[in-house]
Amino acid sequence: MSSPEFAPPPERRTDTYGRNAAYNQKKCFQVAQGFFLDAVRRARERNDRLKDLERRLESPEMLLRREQLWSHSGKLEARYLRFLRTKEQLSNYSVVKTIGKGYFGEVKLVRKIQDGRVYALKRLFKSEMISKEQLPRVRAERDALAESDSEWVTKLYTTFQDNTSLYMLMEFCPGGDLMTILIKFQIFSEDITRFYAAEIINAIEAVHNLGFIHRDIKPDNILLDRGGHIKLADFGLSKSFRKDHDSRYYQELLQRPASTSQMTRPGNRVSVNIDAIQLTVSNRSQINEWRRSRRLMAYSSVGTPDYIAPELFYDQGYSFEIDWWSLGTIIYECLVGWPPFASENPQDTYRKIVNWQHTLFFPDDIQLSHNAVHLIRCMITQPENRLGRNGAIEIKSHPFFAGVDFTTLRRIRAPFEPPLTSDIDTSCFPVEDLPQTEDPTPSPAGADEYEMFLPFIGYTYKRFQTSYT
Amino acid sequence: MMGSADEALNAYQLPKPLPIWLNPAYARHIVKGNFMTLSARPKTVEEGEWVAHQVVEHYRNLWNFVRVIYEKEEDGKTLCNSTTCPRMSAGANHSYTWLNSRFEPIELPAFEYITLMQRWISGKIDDTKMFPTEASGVSFSHNPQITTTALLNGPDEWVGKRSGFPQEFFGICQTIFLQMFRVYAHLYWAHYTEPFYHLNLEKQLNSCFSHFVLTATALDLLKPQELEPMQPLIDLWAANGTFPPESKAYEYANLKVGQRLLQLAGMA
Ligand SMILES: Nc1ncnc2c1ncn2[C@@H]1O[C@H](COP(=O)(O)OP(=O)(O)OP(=O)(O)O)[C@@H](O)[C@H]1O
Ligand SMILES: [Mg+2]
Ligand SMILES: [Zn+2]
C-alpha cells in the first residue's frame, strides 16, 4: 500500500507508551465502538417509530387526530433526547425502602425526584464484582434486559454508574417474588401451579427467543407485577452467544498490573459451597427450618443450587434446556412444598442433582395428578430427552396444560393480586428482614466524569419510553 | 485530465510526502454503511432539540480521543504538551488563537488551548438555561400539512425557540462545533501517528471525525470555508464513498482531488 507520494507508514509500536496510555487506548477503543453500536440501534428504533407514526397518520380514523399524533411523537422523541443528554446519578432519586438483596448488591424502591415516578433501582458494587469475576454477569444482565421489549421481563430504563457502583433502573414489580408467596402459602393447588408454570413458560420462551439462556430460573427471580402476573428478574447468570460475554474477554481487559492480586479465586455462583442448611426432607419440623433459612440462602453468595440442571455442573456444555429443568423443579416445589433435591446442605443437594435418576421421588402423602408427575419427570431428566429441547411448544402441549390458552394469560386474573394501597406499597416485600439503613453515599460524581472502570464502559444505557410524563 | 486535480491538491500546500492520514489505506472506518441516518433530524423533532443532542454526543466522542493525549502518564507528562505542540495548530498553515479577557487573540500551547476549550464548552452544555433538560419544556417540529396550530403561533424566530432554547443558542452551537473542529484538526495534524496510529485507534478516529463532519455540515453548524485544514481528507472521503452523494459534506468536497489521492495510492 505504500506509495512514494505518501509518508511511509511507520511500524506500529504500542509498547513505547506508558501504562496510562495503554489503559486509555482500550477505553477509547471501546467507547468509540460502543457509541456507534448504540447510535445505530437508536437510529433504527427511531426509524421504526417514525414508520409506525406515518402508518397511523394515514389511517382514516385518525384524520382528526393527526396533529395530536404528530406533536405527541415529536415531544416523546424530544424527551428521550433530553433524557440522553442529562447525567444520571444517584442523587436524582430518593430512596423509599430497600426491597431486596443479593450478594452483589441490593434493590431499592426509589422515586425520581424530577418527575415523581417510582422505580426499582438495583445497585451492584464494582469492587465485589471485580474480585469475584462477575463482570460478564453484569454485562449479560444489562444486555438481556436492554434488548428485551417483552412483557415477561422487567423493563430496564437506564443504567449508570459512579465510582463505587453500577445501577440498573428498572420497573418496580410491586407484587414481590414467587419465593415470598411460596413461603406464605407453602403449597399451591394444581390450578394455581398451572397458572404460574404457564406464565413462566412464556417468560422463558421470550428470553430464549432473544438468544439468551437465563441459567438462574428460581422462585426469587420470578417477580409479580401490579396484577400478580410474573416477570423475570436477575439475568446475572444469563448467557448469550456474544463475544463480550465471555469471561476470558474481561480477564484480558483486566490484565493491568495494578489490580491482579485476588483475581484467581473463581466466584462462580454455580459452584457449590458452605453454609450448611439443616434439612431432612422426611422431617416436617426441619422442612420448616429449611423454609425459614431459604430467604437467607437467597441472600448468600452462592445462592441455592436447588434449581440448577446437572449438566451445568459439568464442563461439557449445556444449552437452552437447562431453563426447562429449573422450571420442572419449581413446578415440583409448588405442588410438594419444597424443591425435589432439598437437602441439609448445598453439597448434598448437588450430589442429589447429579444423581437425579435415583434421588427424584414424590412423597406418598401428597396427592399429585398423573399428568403433573409425568410433566415433572419429563423435565427433570437428561437434556437429550428433556421436554422443551425442541421449543416451548412441546411443554405447552403436555396434557397437564390442556385447556390453557397461552396467548391470553396476561389478560386473565392472577391467583394472587397484590393488595396495594399506594404506588410505594411494599407490603409484598420482606422489608423488616432487610437492613434499612442508608448506605454510604458514593464518592461524589468525581472531578473526572470519565473516570470509570474500564470493563464497565458501555454499561450506560437509556431506553426510549413511551410514557414520559 | 488530472491537471486541475493536481493544481487543487497543490493549492492546499500540503507537506511532501503527504501525511499518512491522507493515504486512502489509512482513511478507513470501524463502521460501514450510511452514517447520514445518524445525523439526519427525525421529522417530528424540533431543530434546536436535535442540534443540542448532536452537540453533546459529538463532544463526548471528541473527548474520548482527547483524553488519550491529554491525561498524565505516570511520569506526569501528557502526550500533547508545550514541547510537542507549542501552538494550537493544524499543520504549518493553520494555527488558532484564543481570545483573552480583553478580547485579544493570544497564542497558546495546544494543551492549554484544549483546557480552555473544554472548560468553555462544558460550561455551556451544563448550563440548563442554554441546554434545557426539563422534560416538560419540549416541543415538536412544524409540518405544514399537519400542524396548523403551531403555525398560528407564527414562524420561529430562532432555532430552538419553541423548545425553550435561548436566542443565542444556535450561534453558541456553531462556535462549539468550530472549536471541536479545531481540536479534531489538531489531532490529525499533530497526533495522528503519535499516538493514534501506534495505538491502533486511527479507524476509530476516522469514523468519529467523519460522522462529525457529516453532522456539522448537514445541520449548518460549520461553513464550507471553516473546513479548510481538513479539506483534502474530506475530498478523499467523498471519493471513497464515506460521504454519500446526497450529503452536504460531499457537496463541499472537491471530488477530483479525492479521486487523485486514490489514484496516487494505486486504489482508483
Ligand atoms: N424490578 C423489581 N421490582 C421489585 N422487586 C425487585 C425487582 N428487582 C428485584 N427485586 C427484588 O429484589 C430481589 C433481588 O433482586 P435480583 O434477583 O434482581 O438480584 P439478586 O439475586 O439479589 O442479585 P444477584 O443475584 O445479581 O446478586 C428479588 O428477589 C426481588 O424480591
Ligand atoms: Mg435473584
Ligand atoms: Zn498536541
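Model, not experiment: these values are computed from the prediction.

Things to note about the overall build of chain B
Link 1 in the chain: A tally of regular secondary structure across chain B gives 10 helices and two strands.
Link 2 in the chain: Along chain B, helices (α) and strands (β) appear in the sequence α-α-α-β-β-α-α-α-α-α-α-α when read from the amino end.
Link 3 in the chain: Along the first, second and third principal axes, the C-alpha set of chain B runs to 60 × 50 × 35 Å.
Link 4 in the chain: Each of the 268 residues in chain B was classed as buried or not, and the buried ones make up 57%.
Link 5 in the chain: In chain B, the share of contacts with a sequence separation of at least 24, taken over all contacts with a separation of at least 6, comes to 70%.
Link 6 in the chain: For chain B, the computed accessible surface area is about 11,200 Å², with 52% contributed by carbon and sulfur atoms.

A few points about the interface of chain A and chain B
Link 1 in the chain: Contact with chain A, which involves 56 residues of that partner, is made by 74 residues of chain B.
Link 2 in the chain: Carbon and sulfur atoms make up 59% of the surface buried where chain A meets chain B, a total of about 6,000 Å² over both sides.
Link 3 in the chain: Summed over the three residues of chain A that lose the most area to chain B, namely Trp70(A), Arg82(A) and Arg85(A), the buried surface amounts to 14% of that side.
Link 4 in the chain: Counting across the chain A and chain B interface gives seven salt bridges.
Link 5 in the chain: Taken together, chain A and chain B are joined by 30 residue pairs in polar contact (both at pLDDT 80 or more).
Link 6 in the chain: Secondary-structure elements contributing two or more residues to the side of chain A that touches chain B are α1 (19-58) and α2 (66-85) of chain A.
Link 7 in the chain: Examining the composition of the side of chain A that touches chain B, we find that 22 residues originate from one element, α1(A), more than from any other.
Link 8 in the chain: Grouping the constituent residues of the side of chain A that touches chain B by class yields 25 nonpolar, 13 polar and 18 charged.

Description of the UniProt feature "binding site: Zn(2+)" (unreviewed entry) in chain B
Residue and element names in this part refer to chain B.
Link 1 in the chain: Feature annotation in UniProt places "binding site: Zn(2+)" (unreviewed entry) on Cys80, Cys85, His186 and His191, given in this structure's numbering. A maximum C-alpha distance of 10.1 Å is found for the annotated residues, which run over 112 residues; spatially they form one tight group.
Link 2 in the chain: Overall, Cys80 belongs to the buried group, its relative accessible area being 1%.
Link 3 in the chain: Leaving out residues up to four positions away in the same chain, Cys80 has contacts with Ile69, Cys85, Ala110, Phe111, His186 and His191.
Link 4 in the chain: With respect to the helices and strands, the residue His186 is situated in helix α6 (residues 169-197).
Link 5 in the chain: When neighbours within four sequence positions are excluded, His186 is seen to be in contact with Cys80, Cys85, Arg87, Met88, Ser89, Ala90, Ala110 and His191.

Structural notes on the sheet that holds strand β2 (residues 105-112) of chain A
All names here are of chain A.
Link 1 in the chain: With antiparallel pairing, six strands are arranged side by side in an open sheet as β1-β2-β3-β5-β4-β8. Looking at strand neighbours, the two that pair on one side only are β1 (93-101) and β8 (461-462), the edges of this open sheet.
Link 2 in the chain: Both strand β4 (residues 156-161) and strand β5 (residues 165-170) contribute to a ladder of five bridges, which runs antiparallel. Looking at the pairing, Phe160 lines up with Tyr167 of β5.

Points about the coordination of the zinc ion (ligand 3)
Residue and element names in this part refer to chain B.
Link 1 in the chain: Within the first shell, the zinc ion (ligand 3) binds the protein through Cys80 (SG), Cys85 (SG), His186 (NE2) and His191 (NE2), at distances of 2.0 to 2.3 Å.
Link 2 in the chain: Linear spacing of the donor residues for the zinc ion (ligand 3) on their chain is C-x4-C-x100-H-x4-H. With Cys80 in the loop between α3 (47-70) and β1 (97-99) and His191 in helix α6, the pair connects residues that are 111 residues apart, well separated along the chain.
Link 3 in the chain: Of the residues examined, His191 reaches a relative accessible area of 2% and is grouped as buried.

Quick look at the confidence of the model for chain A
All names here are of chain A.
Link 1 in the chain: For chain A, per-residue confidence averages 80 on the pLDDT scale, and residues scoring 70 or more make up 75% of the total.
Link 2 in the chain: Helix α7 (residues 247-253) is the least confidently modelled element of chain A, averaging 48 in pLDDT, while helix α12 (residues 370-379) averages 97, the highest of any element.
Link 3 in the chain: Here residues 239-246 scores under 50 on pLDDT; set against residues more than four positions off or in separate chains, the count is 23 contacts.
Link 4 in the chain: Below pLDDT 50 for its whole length, residues 253-282 participates in 72 contacts with residues either more than four positions away or in separate chains.

Examining the packing of α2(A) against α3(B)
Link 1 in the chain: Two elements in contact, α2(A) and α3(B), have axes separated by 10 Å at closest approach and are oriented at 25°. By the angle class used here, α2(A) and α3(B) are roughly parallel. Pair α2(A) / α3(B) crosses with left-handed handedness. Along the contact surface, α2(A) presents Ala78(A), Leu81(A), Arg82(A), Leu84(A) and Arg85(A), while α3(B) presents Glu49(B), Trp50(B), Ala52(B), His53(B), Val56(B) and Arg60(B).
Link 2 in the chain: The class makeup of the residues in the contact of α2(A) with α3(B) is six nonpolar, one polar and four charged.

A short note on α12(A)
All names here are of chain A.
Link 1 in the chain: Of all the residues in α12, the buried ones are Ala372, Leu375, Ile376, Cys378 and Met379. In an axial view of α12, the angular spread of the buried residues amounts to 160°, which keeps them on one side of the axis.
Link 2 in the chain: In the core, the buried residues of α12 are packed alongside α6 (190-209), α9 (321-336) and α13 (392-396).

A word on the packing of aromatic side chains
Residues and elements named next belong to chain B.
Link 1 in the chain: For the structure shown, the criterion picks out 35 aromatic pairs over all chains.
Link 2 in the chain: Measuring from centroid to centroid gives 5.0 Å for Trp21 and Trp189, while their planes differ by 80°, and the two rings are edge-to-face. Of the two residues, Trp21 sits in the loop between α1 (3-11) and α2 (36-39) while Trp189 sits in helix α6, which places them 168 residues apart along the sequence.
Link 3 in the chain: The exposure class of Trp21 is buried, given its relative accessible area of 2%.
Link 4 in the chain: Given a relative accessible area of 22%, Trp189 falls into the partly exposed group.
Link 5 in the chain: An aromatic cluster is present here, built from Trp21, Phe177, Phe181, Tyr184, Tyr188, Trp189, Tyr192, Phe209, Phe212, Trp237 and Phe243 joined pairwise through their rings.

Considering unusual backbone geometry
Link 1 in the chain: A cis geometry characterises the amide bond from Lys16(B) onward to Pro17(B), with omega recorded as -10°.
Link 2 in the chain: Mapped onto the secondary structure, Pro17(B) falls in the loop between α1 and α2.
Link 3 in the chain: A cis amide bond links Glu194(B) to the next residue, Pro195(B), at an omega of 15°.
Link 4 in the chain: Here Pro195(B) lies in helix α6.
Link 5 in the chain: Its identity is not glycine, yet Gln186(A) carries a phi of approximately 65°, on the positive side.
Link 6 in the chain: By secondary structure assignment, the location of Gln186(A) is in the loop between α5 (178-185) and α6.

Here is what the cut-offs are and how they apply
- Residues numbered from 1 in each chain as written.
- Chains lettered and ligands numbered in written order.
- Predicted model: local features only at pLDDT ≥ 70, side-chain atom pairs only at ≥ 80, totals over all residues.
- Heavy atoms only, no water.
- Helix = DSSP H or I, 4+ residues; strand = E, 2+ residues; numbered from the N terminus.
- Buried < 20%, exposed > 50% of the residue type's maximum accessible area, 1.4 Å probe, protein only.
- Contact = heavy atoms within 4.5 Å.
- Areas by Shrake-Rupley, 256 points an atom, 1.4 Å probe, with all protein chains shown as cover.
- Buried area = accessible area lost by both parts, 1.4 Å probe.
- Salt bridge = Lys/Arg side-chain N within 4 Å of Asp/Glu carboxyl O.
- Polar contact = N/O pair within 3.5 Å; in protein donor to acceptor, adjacent residues only side chain to side chain.
- Nonpolar A, V, L, I, M, F, W, Y, C, P; charged D, E, K, R; others polar.
- UniProt positions renumbered as here; feature names shortened; annotations may be inferred.
- Pairing = 2+ DSSP bridges.
- Donors = N, O, S within 2.8 Å, 3.2 Å for Na, K, Ca; no water.
- pLDDT = per-residue confidence, 0-100.
- Axes fitted to C-alpha atoms, helices over the stretch in contact; angles between N-to-C directions.
- Parallel < 35°, antiparallel > 145°, perpendicular 65-115°, else oblique.
- Left-handed = near helix turned anticlockwise from the far one by under 90°.
- Arc of directions from axis to C-beta.
- Phe/Tyr/Trp six-rings, centres within 6.5 Å; stacked < 30°, edge-to-face > 60°.

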